[in-house]
Amino acid sequence: MTMQGRPLLITDLIDHAAREHFGREIVTRWTDGRVSRSNWGEVGHDARRFAAALTRLGMGKGDRIGTLAMNHGHHLVSWYGTAGMGGILHTINPRLFDDQLVYIINHAEDRLIFVDETFIPIVERLRDQLPSVEHFILFDAPARDGYLSYQDLMDAEDGSFIWAELDERDPMGLCYTSGTTGNPKGVIYEHRSNVIHAITEIQPDVFDLANRSVVLPIVPMFHANSWGVPYAAATVGAKLVFSTVNDAAVLCDLMHQEGVTHSAAVPTVWLAMFAHMDATGMDYGKLKRVLIGGSAAPRSMIERFMRAGVDVGHAWGMTETSPVGTTGKRPWNWDEMSFDEQVDVVSRQGCPPFGVMLRIVDDEDQVLPRDGVTSGRLQCRGPWIIQRYFRADEDATDEDGWFDTGDVAVIHPDGVMQITDRAKDVIKSGGEWISSIELENAAVGAPGVQEAAAVGVFHPKWDERPILLVVPKAGVTVDPTQVQDYLRDKIAKWWMPDEVLIVDSLPHTATGKILKRQIRDDYKDYQLKSISA
Ligand code: ADP
């Protein structure tokens, strides 16, 4: 042995942040408007107090500790503290339906759940169905009947806790997929996988974080660990800014007040931010780079950011990939590209950072060429990609370690990956595939269109034909034929939606994605006018 085999541990990460980035701030804007300030040094100290408090409550290695909480500094402490006592932090998405919440909390067998005051109604509705939970603990309010308080637990500890003996392959995090495509499945993160993911995320072609960065992760801490941002920020000691509310006005103000340079959110959040900026004339402040992912970012959104001088990292990933799988890097010839070419590159989902390997395969699992034309099932492997779901009997990968993502993609000759659809969402017309994502992204560029969803409906000759549901912007009337006219030179002729339907709203998942499954169900018996005529 010639080099030290020191394991990659989250405890070393928080100790590093506390030691090297002591005074760098962690800011929380709470629901009542109060702003509290901590720093990496205090978070490191508080994480030890938190670990001691868990131990005092009888928690031990491998126990699942749940959180039903928005983004804030106490939540951050619980992440590092739980990992430090050997526990597994289970971030629960409070926007799930009640029966999904009951399912995942029982499946995880959470022993404690830390709760924001605002989610007390959820606990009260469900507590009788959650036999494994010994205590509910309020993160942000005093103890009351049926609830302990975070502050009381912390006040009893002095921060002298010695981290548990840990192996880098020990589990430390648990996140359930949002169930867009079925029952939620648990993904267990390990110390090693999360440390490597954190070091990767700061890279220039990924999120480009440094000590001077000020990061506002809008993506919730319960959505694939806020895309790993709270870990990545610790590696370089970036300032973190949290908000417990996701209101566009609050977020825009916070961005300006705290000098936010980096932010991360799903496309629907950015649409709301744009609407607020349009209404108020507010600008982007010091914003330099945004990470957009979770669903495909429309070209018009990317273009708007880029015109304002904000770099866009269009990222693809999933709960099973920790979640960073690819990001839209700037290629070497970026400076020679026209603006339109640059937008083209960023509109695709990008390239994997070192560590992630990608390939596309056909239905016989034959590897397909990277020709930018052939599409196939996207598979990946790497040190932060899932091996096996929590409590499953079998691996989620094939014998060579490839995990099938359920997405359909093409890989371009320059290595850039482009998602064309989820396997379940593709529209199959006359044996050929129409990409619902491309239709939607083109449609969102049409005047007056706020949001769009394309699904296939039955057609006697073509099996399926696309229809497009369109939600107009507030106070705007949209004419279906104008949308079709707008699309005419942007998509292949035979991709043109047979009908454009104007609707008030679209159903969304708990992580803000359009719930295609429900739309498909709602429109499964839809009669195309051209057929019934
Ligand atoms: P769920 O699968 O339950 O929705 P995830 O949040 O893990 O939960 O979602 C991962 C999926 O989101 C991916 O498999 C992909 O279909 C979609 N997705 C994520 N990022 C992008 C992106 N940039 N473009 C298109 N689709 C994306």
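The subject of this paragraph is the overall build of the chain. When helices and strands are tallied, the chain shows 16 helices and 24 strands. A globule of 533 residues ought to have a C-alpha radius of gyration of about 24 Å, and the chain, at 23 Å, matches this closely. Counting only C-alpha atoms and orienting by the principal axes, one finds that the chain spans roughly 75 × 55 × 50 Å. The burial tally for the chain puts 59% of its 533 residues in the buried class.

Okay, the domain arrangement of the chain next. The assigned domain composition of the chain is domain 1 (10-346), domain 2 (357-422) and domain 3 (426-532). Distance from the C-alpha centre of domain 1 to the C-alpha centre of domain 3: 33 Å. Here domain 1 packs against domain 3, burying approximately 1,300 Å² in sum over the two surfaces, 56% of which is carbon and sulfur. Run the count over domain 1 and domain 3 and you get zero salt bridges. Linking domain 1 with domain 3 are three residue pairs in polar contact (both at pLDDT 80 or more), by the criterion used here. The residue makeup of the side of domain 1 that touches domain 3, split by class, is six nonpolar, eleven polar and one charged.

This part takes up the environment of Val-361. Within the secondary structure, Val-361 is located in strand β16 (residues 357-361). In the structure, Val-361 is positioned 16 residues away from Arg-377 in sequence and 5.2 Å away in space, judged by C-alpha atoms. Ignoring anything within four residues of it in the chain, the contact list for Val-361 reads Gln-366, Val-367, Leu-368, Gly-376, Arg-377 and Gln-379.

What follows is about unusual backbone geometry. The omega torsion of the bond from Ser-322 to Pro-323 falls at 5°, within 30 degrees of zero and hence cis. By the secondary structure assignment, Pro-323 is in the loop between β14 (311-317) and β15 (324-327). Positive phi, normally seen in glycine, also occurs at Asp-208, with a value near 55°. Checked against the element boundaries, Asp-208 lands in the loop between α7 (191-201) and β10 (214-217).

What follows deals with the packing of helix α1 (residues 10-20) against helix α2 (residues 40-56). One way to put it is that α1 packs onto α2 with a least axis distance of 7 Å and a crossing angle of 140°. One element, α1, and the other, α2, form an angle in the oblique class. The crossing of α1 and α2 is left-handed. Of the residues in α2, those in contact with Ile-14, Asp-15, Ala-17 and Ala-18 of α1 are Trp-40, Gly-41, Val-43, Gly-44 and Arg-48. Its residues assigned to classes, the contact of α1 with α2 comprises five nonpolar, two polar and two charged.

With respect to the element layout, Asp-46 can be found in helix α2. Note on Asp-46: relative accessible area 16%, which makes it buried. Of note is the side chain of Asp-46, whose polar atom sits 2.8 Å from the side chain of Arg-49.

Enumeration over the complete set of coordinates arrives at 37 salt bridges. When the shortest N-O distance is used, the salt bridge between Asp-498 and Arg-465 registers 2.9 Å. With Asp-498 in the loop between α14 (480-487) and β24 (499-502) and Arg-465 in strand β23 (residues 463-472), this pair connects stretches of sequence that are 33 residues apart. Here the residues in one salt-bridge network are Glu-25, Arg-37, Lys-239 and Glu-258, joined through shared partners.

Rules used throughout
- Residues numbered from 1 in each chain as written.
- Predicted model: local features only at pLDDT ≥ 70, side-chain atom pairs only at ≥ 80, totals over all residues.
- Heavy atoms only, no water.
- Helix = DSSP H or I, 4+ residues; strand = E, 2+ residues; numbered from the N terminus.
- Rg over C-alpha atoms; globule rule 2.2 N^0.38 Å.
- Buried < 20%, exposed > 50% of the residue type's maximum accessible area, 1.4 Å probe, protein only.
- Domains from an automatic or database assignment.
- Buried area = accessible area lost by both parts, 1.4 Å probe.
- Salt bridge = Lys/Arg side-chain N within 4 Å of Asp/Glu carboxyl O.
- Polar contact = N/O pair within 3.5 Å; in protein donor to acceptor, adjacent residues only side chain to side chain.
- Nonpolar A, V, L, I, M, F, W, Y, C, P; charged D, E, K, R; others polar.
- Contact = heavy atoms within 4.5 Å.
- Axes fitted to C-alpha atoms, helices over the stretch in contact; angles between N-to-C directions.
- Parallel < 35°, antiparallel > 145°, perpendicular 65-115°, else oblique.
- Left-handed = near helix turned anticlockwise from the far one by under 90°.

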